[in-house]
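Residue strings, one per chain:
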Amino acid sequence: MPKITFVIGGCRSGKSRHAQELAEATAPANRVYVATCVPYDDEMRDRVRKHQADRDRTWKTVEAPLDLPDTIRDTSRESGVLLVDCLTLWTTNLLLDPERSDRMPLWIDRLAEALEAAQCPVILVSNEVGGGIVPENALARQFRDWVGTLNQRIAACADRVIWTVAGIPVTIKGGGSG
Amino acid sequence: MPKITFVIGGCRSGKSRHAQELAEATAPANRVYVATCVPYDDEMRDRVRKHQADRDRTWKTVEAPLDLPDTIRDTSRESGVLLVDCLTLWTTNLLLDPERSDRMPLWIDRLAEALEAAQCPVILVSNEVGGGIVPENALARQFRDWVGTLNQRIAACADRVIWTVAGIPVTIKGGGSG
Amino acid sequence: MPKITFVIGGCRSGKSRHAQELAEATAPANRVYVATCVPYDDEMRDRVRKHQADRDRTWKTVEAPLDLPDTIRDTSRESGVLLVDCLTLWTTNLLLDPERSDRMPLWIDRLAEALEAAQCPVILVSNEVGGGIVPENALARQFRDWVGTLNQRIAACADRVIWTVAGIPVTIKGGGSG
């Protein structure tokens, strides 16, 4: 049973669904969904609702839009598995927060330390966002850089990395039933 | 010989060329190119012309900008292989059609059913469009979501899924000479 | 020891760092970094400085913003390994140069010929830029097409092709210690 699993893929590549299946195969109970999403428009609220409808009552939801490292440390003490979905939104939240946006390297370190210290298996989901052309918008470029830096760091920490495309999971680091 | 093959990759990743090679290895004759493209500007007309120049006279072309499922059912009865290029343009055509744009789930179901019923091997090409940052344009986001949903469904139906990058085919589902 | 290695990945996927590690494993000395980058703003100057700081004094830097094929031919005669970083910026430089922008096919041929003639191992880095939605900007579409065409050609020439995502190298052509 890998302790840290990282699932990365493009938008609508099936990464959340696959991560959920992995989590359900990891722990029969005490599953915690760590949501980084703070829905701020109808489009996002719809998406959150669809994801929730896919999870049954064996799941508990915890919101961690900003203080994800502490949430992982605390929650992992009494859980069977944590599913963190997703790191891309967490990055967005940090970059939009005036007190946190200029300390991304610190937050990345803290997340890596929290994963090291976690008391149960953790599955993290993130988006591959660097596969298109360079965005014209400077904030979008900065976002893309931080997400890429964070993804590399978490993939380096992870025991298992799974890349998804068109719903197909491809294990690119670690073995097991990816 | 896999019945349904799905080839997915980014723009200019060599997916159409690879799909054509697979089709030519699948059937010596009665090859049908199912074009979803309705070229509406010079740039697209050029692209279509270049693709046509790559196919010899062993190929017949059928246009199916909208009613792709019926075309697959009908054409597969008397063909050696169908090459459908591509699902991304088909999605665009449906989303731009006032009578069809709000029934995407129905069209995705119909395509999956037509593939199930097909009487000859079918090779389908699609674009990976979810690897960049979130588009600012709402229609582009909607397009990206539907293409991703369709790609997942077709990959789930397919006996073989091949991902292409820089012209290199990588078999990510099913075995064989990918 | 593969003669030509091609490393491709999205922005911030770890491709440059992996290419540098490969180069350092290939030759103990006489390592040449062939920079295609002509930094024209602070953001790029920063990025160049960060990359330079990662390379020690066993590296020599040669700039080749435009005449990359000749630089590879000449430099390879007296080097242990060349690291060309990156083909995407080279394409940008050619497309922005009034005397070269309409001869991309010629430049792609020349690069392929220079790699064929190279006297030492060459490692080339490029971006996957075709994974997002179609850009609205015509120049961006043209850029994306040329980068894709170039990437396919170089991958076809290469003895080894490595795709990177989240810092994880995945060998997709050729064997060895990818």
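K.L.:
Looking at this structure, I do not really get the pattern of salt bridges. What am I missing?
P.N.:
A side chain with one charge may pair with a side chain of the opposite charge, provided their charged atoms come close. Residue and element names in this part refer to chain C. Inspection of the entire model under this criterion finds 27 salt bridges over all chains. Residue R45 pairs with D42 through a salt bridge whose shortest N-O separation is 3.1 Å. Separated by three residues within a single helix, R45 and D42 lie in helix α2 (residues 42-53), roughly one turn from each other. Among the ionic pairs, R49 bridges to D46, the shortest N-O distance being 3.2 Å. Residue R49 and its partner D46 are located together in helix α2, separated by three residues, close to a single helical turn. D46 gets classed as partly exposed once you look at its relative accessible area, which sits at 39%.

K.L.:
Looking at this structure, I do not really get the relation of the copies chain B and chain C. What am I missing?
P.N.:
Copy one and copy two of the chain differ by a rotation about an axis and a translation along that axis. Least-squares fitting of chain B to chain C yields an RMSD of 0.0 Å, with the transformation described by 0.0 Å of translation along the axis and a rotation of 120°. Within this description, the copies of the chain are treated as partners about a three-fold rotation axis.

K.L.:
Help me understand the side chain of T75(C), please; the structure alone is not making it clear to me.
P.N.:
Tracing the backbone through its elements, the reader meets T75(C) in helix α3 (residues 68-76). The residues contacting T75(C), other than those within four sequence positions of it, are V32(C) and L82(C).

K.L.:
Which parts of the structure should I look at to understand the pairing of strand β1 (residues 4-9) of chain B?
P.N.:
Remark: a regular strand shows side chains that alternate across the two faces of the sheet. Residues and elements named next belong to chain B. Burial analysis of β1 places six of its six residues in the buried class, which makes it a mostly covered element. In β1, alternate side chains face the same way, and those of I4, F6 and I8 on one face and T5, V7 and G9 on the other are all buried. Relative to strand β5 (residues 122-127), β1 is paired through six bridges, and the arrangement is parallel. Residue pairing for β5: V7 is matched across the bridge by V125. Both β1 and strand β6 (residues 160-165) contribute to a ladder of five bridges, which runs parallel. Residue pairing in the sheet places G9 in a bridge with T164 of β6.

K.L.:
Hey, could you run me through α3(C) in this one?
P.N.:
In an α-helix, one turn spans 3.6 residues, which is why side chains three or four residues apart end up on the same side. All names here are of chain C. Within α3 the residues assigned to the buried category are L68, P69, T71, I72, T75 and S76. Along the axis of α3, the buried residues cluster in a sector spanning 165°; they form a single face. Where α3 is buried, its residues meet β2 (31-35), β3 (59-63), β4 (81-85), α4 (87-95), α5 (104-117) and β5 (122-127).

K.L.:
Explain the interface of chain B and chain C here, please?
P.N.:
Note: interface size is frequently given as the accessible area lost on complex formation between the parts. Listed per partner, the contact involves 24 residues of chain B and 20 residues of chain C. Summing both partners gives a buried area of about 1,600 Å² for chain B against chain C, and 60% of it is carried by carbon and sulfur. Across the chain B-chain C interface, the total number found is two salt bridges. Looking at the side of chain B that touches chain C, the elements that each hand over two or more residues are α2 (42-53), α6 (138-157), β6 and β7 (168-173) of chain B. Among the elements that take part in the side of chain B that touches chain C, α6(B) stands out by supplying three residues, more than any other. For the side of chain B that touches chain C, the per-class residue count stands at ten nonpolar, eight polar and six charged.

K.L.:
Help me understand the side chain of S16(B) in this model?
P.N.:
Residues and elements named next belong to chain B. Mapped onto the fold, S16 is located in helix α1 (residues 15-26). Reaching out from S16, the side chain makes a polar contact with the side chain of D85 at a distance of 2.8 Å. Leaving out residues up to four positions away in the same chain, S16 has contacts with H51, D85 and V125.

Rules used in this analysis
Residues numbered from 1 in each chain as written. Chains lettered and ligands numbered in written order. Predicted model: local features only at pLDDT ≥ 70, side-chain atom pairs only at ≥ 80, totals over all residues. Heavy atoms only, no water. Salt bridge = Lys/Arg side-chain N within 4 Å of Asp/Glu carboxyl O. Helix = DSSP H or I, 4+ residues; strand = E, 2+ residues; numbered from the N terminus. Buried < 20%, exposed > 50% of the residue type's maximum accessible area, 1.4 Å probe, protein only. Least-squares fit on C-alpha atoms with pLDDT ≥ 70 in both. Contact = heavy atoms within 4.5 Å. Pairing = 2+ DSSP bridges. Arc of directions from axis to C-beta. Buried area = accessible area lost by both parts, 1.4 Å probe. Nonpolar A, V, L, I, M, F, W, Y, C, P; charged D, E, K, R; others polar. Polar contact = N/O pair within 3.5 Å; in protein donor to acceptor, adjacent residues only side chain to side chain.

The analysis is restricted to geometry; functional conclusions fall outside its scope.
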